[in-house]
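Secondary and tertiary structure notes
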Amino acid sequence: MNATTEPSPIAPGVLADPLPPLERFDSARAWTMVAATFVGLFATYGVSYSFGAFFKPMAAEFGAPRSATSAMFSITVLVWAMLGPVTGHLSDRFGPRIVVGSGALVMGLGLILTSMIDRLWLGYLTYGIGVGVGVACAYVPMVAVVGGWFLRRRNTALGIAVAGIGFGTVCGAPIAAALIAPLGWRATYVVFAIATTAILLGCAYVAERPPVHVTPSRIRLADAIRSPEFRLLYASSVLISTALFVPFVYLPSFAHDRGVSEFLSAALVGVIGGASVAGRMGLGALADRAGVVRLYQASFLVLALSYSIWMVASSYSTMVVFALVMGAGYGGYVALSPAVIAHLFGPHRMGTVLGALYTSGGFGAIVGPPLVGMIIDRTGSYRIAIAAAFIIAMVAFALLIPLSRYEPTTESPLASH
């Protein structure tokens, strides 16, 4: 593919039904799907990205090193990333309701079992699988639903929907810190289990298959994976994810080790989430009028450069600045990933292709936090680890530079309908 060709026919798949009337797209029902996705992602990512608040009390109780404790979060991300293609495929084939509902039950059970563990490694199974499955069953299916319900305002709708992750990040860690103080980390996970299960079951009830039903096509997915643009997206996503998850695990402990209170330390993760909301919603809307690939590249650059701020941070205010800049870049990356997939490959097979791309995050997550923990445990310093994250993120940005020539100039086949 090059800049003068039609969008790839990889994603469209095989339409199982005639194209519906245009008034079904961008409708009130479509915006209901946006609301349900926002709420579902708020709940699941609010829990998963609150791990930094649980990090120190869990490590202290089990007497575990940083690398071993952070592995619980890394395994969780690996599980949800690797299951993305599976849940995307199941959602494309059977609809999102059963997939999201199943995820709600598994996530709730996983959190309750985590509250009962007496060995840290058991949390790798209960938390890693439970929360990982819950996120996988919510993210790709629900985001793909939103992408399929819109034509004119797709990028705006996707930006608003995935802003739920940002709001969940804003609220999750501070709520967790506030509950852990009086209740302890075990009881807090029980509270999270009940709330998350109820919320996701409600989202599953609302979720509805997009107007255009597409039958699965493994051959087309294989074509997507072999395409040069997908390989660039995948390689850059592996690297950026290696750096991305480091502050979610270590920024609260970084701040706390420098005399910041536990609540304010956990609140830094909330600052990342708040800034990411602006990135998700602002760039999602801007992508409707500007080049989505170029905005995606810019998000990577901002995200990479933010680590240079963290490297020199010695005061809480500087840490807040890092969290704001990093969150803006992170929000743009997450918001624009589905838009880039829809833009380059079309929206019809978005669930499966997007799920394949998100496996990259698992590889980055399984390396990044444990590697940083090992460096900190051995050197007693965060600076070298942060510098490594900065270099890796800059390489991720560099890999995206050639992607501009693959940006199509015409609309997808469905949009032309």
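Please refer to the structure higher up on the page.
What comes next is a walk through the structure. (Residues numbered from 1 in each chain as written. Predicted model: local features only at pLDDT ≥ 70, side-chain atom pairs only at ≥ 80, totals over all residues. Heavy atoms only, no water.)

**Focus: the environment of V86**
Relative to the assigned elements, V86 resides in helix α4 (residues 84-94). In this structure the C-alpha to C-alpha distance between V86 and C137, which are 51 residues apart in sequence, comes to 9.0 Å. (Helix = DSSP H or I, 4+ residues; strand = E, 2+ residues; numbered from the N terminus.)

**Brief notes about the pattern of salt bridges**
One pass over the full model with this rule turns up four salt bridges. For R29, the salt bridge is made with E208, and the minimal N-O distance between the two is 2.8 Å. On the criterion of sequence distance, the pair formed by R29 in helix α1 (residues 28-48) and E208 in the loop between α8 (185-206) and β2 (214-215) is long-range, its members being 179 residues apart. One salt bridge in this structure joins R186 and E61, with 2.6 Å as the shortest N-O distance. Of this pair, R186 sits in helix α8 while E61 is found in helix α2 (residues 51-62), placing the two residues 125 residues apart along the sequence. For R186, a relative accessible area of 25% corresponds to the partly exposed category. (Salt bridge = Lys/Arg side-chain N within 4 Å of Asp/Glu carboxyl O. Buried < 20%, exposed > 50% of the residue type's maximum accessible area, 1.4 Å probe, protein only.)

**Topic: helix α13 (residues 292-312)**
Structurally, the α-helix is built with 3.6 residues per turn, so residues lying three or four positions apart point the same way. The terminal C-alpha atoms of α13 lie 32 Å apart, and with 21 residues this matches the ideal 30 Å at 1.5 Å per residue to within 8%. Of all the positions in α13, only V292, V293, L295, Y296, Q297, S299, F300, L303, A304, S306, Y307 and W310 are classed as buried. (Expected span 1.5 Å × (residues − 1).)

**Comments concerning the packing of helix α10 (residues 228-244) against helix α11 (residues 246-256)**
Each pair of packed helices can be described by the angle between their axes along with the distance between the axes. The N-to-C vectors of α10 and α11 enclose an angle of 15 degrees; their axes lie 6 Å apart at closest approach. The angle between α10 and α11 falls in the class roughly parallel. Contacts between α10 and α11 involve T242, A243 and L244 from the first element and V246, P247 and F248 from the second. (Axes fitted to C-alpha atoms, helices over the stretch in contact; angles between N-to-C directions. Parallel < 35°, antiparallel > 145°, perpendicular 65-115°, else oblique. Contact = heavy atoms within 4.5 Å.)

**Regarding the nonpolar core**
Counting residues in hydrophobic clusters, the biggest one holds 116 residues, and the most contacted among them are Y139, L233, F248 and Y330. No other element matches the 14 residues that helix α14 (residues 316-345) contributes to this core. Excluding residues within four positions of it along the chain, L233 makes contact with Y296, V340, I341, L344, F345, L357, L400 and L403. (Core = buried A, V, L, I, M, F, W, Y, C linked by side-chain atoms within 4.5 Å.)

**A closer look at a nonpolar patch on the surface**
On the surface, V86, L90, F94 and I98 cluster together to form a nonpolar patch covering roughly 370 Å² of accessible area. At three residues, α4 tops the list of elements feeding residues into the nonpolar patch. Mapped onto the fold, L90 is located in helix α4. (Patch = residues over 30% accessible without salt bridge, like charges linked within 9 Å, V, L, I, M, F, W, Y side chains within 5 Å. Areas by Shrake-Rupley, 256 points an atom, 1.4 Å probe, with all protein chains shown as cover.)

**Digging into the packing of aromatic side chains**
By the definition in use, this model includes 30 aromatic pairs. Look at F300 and Y333: their rings are 5.1 Å apart centre to centre, the planes differ by 90 degrees, and that puts the pair in the edge-to-face class. Of this pair, F300 sits in helix α13 while Y333 sits in helix α14; the two residues are 33 residues apart in sequence, bridging distant segments of the chain. On the basis of relative accessibility, which here comes to 0%, the residue F300 falls in the buried class. Taking the centre distance of 6.3 Å and the plane angle of 45 degrees together, the rings of Y307 and W310 count as tilted. (Phe/Tyr/Trp six-rings, centres within 6.5 Å; stacked < 30°, edge-to-face > 60°.)

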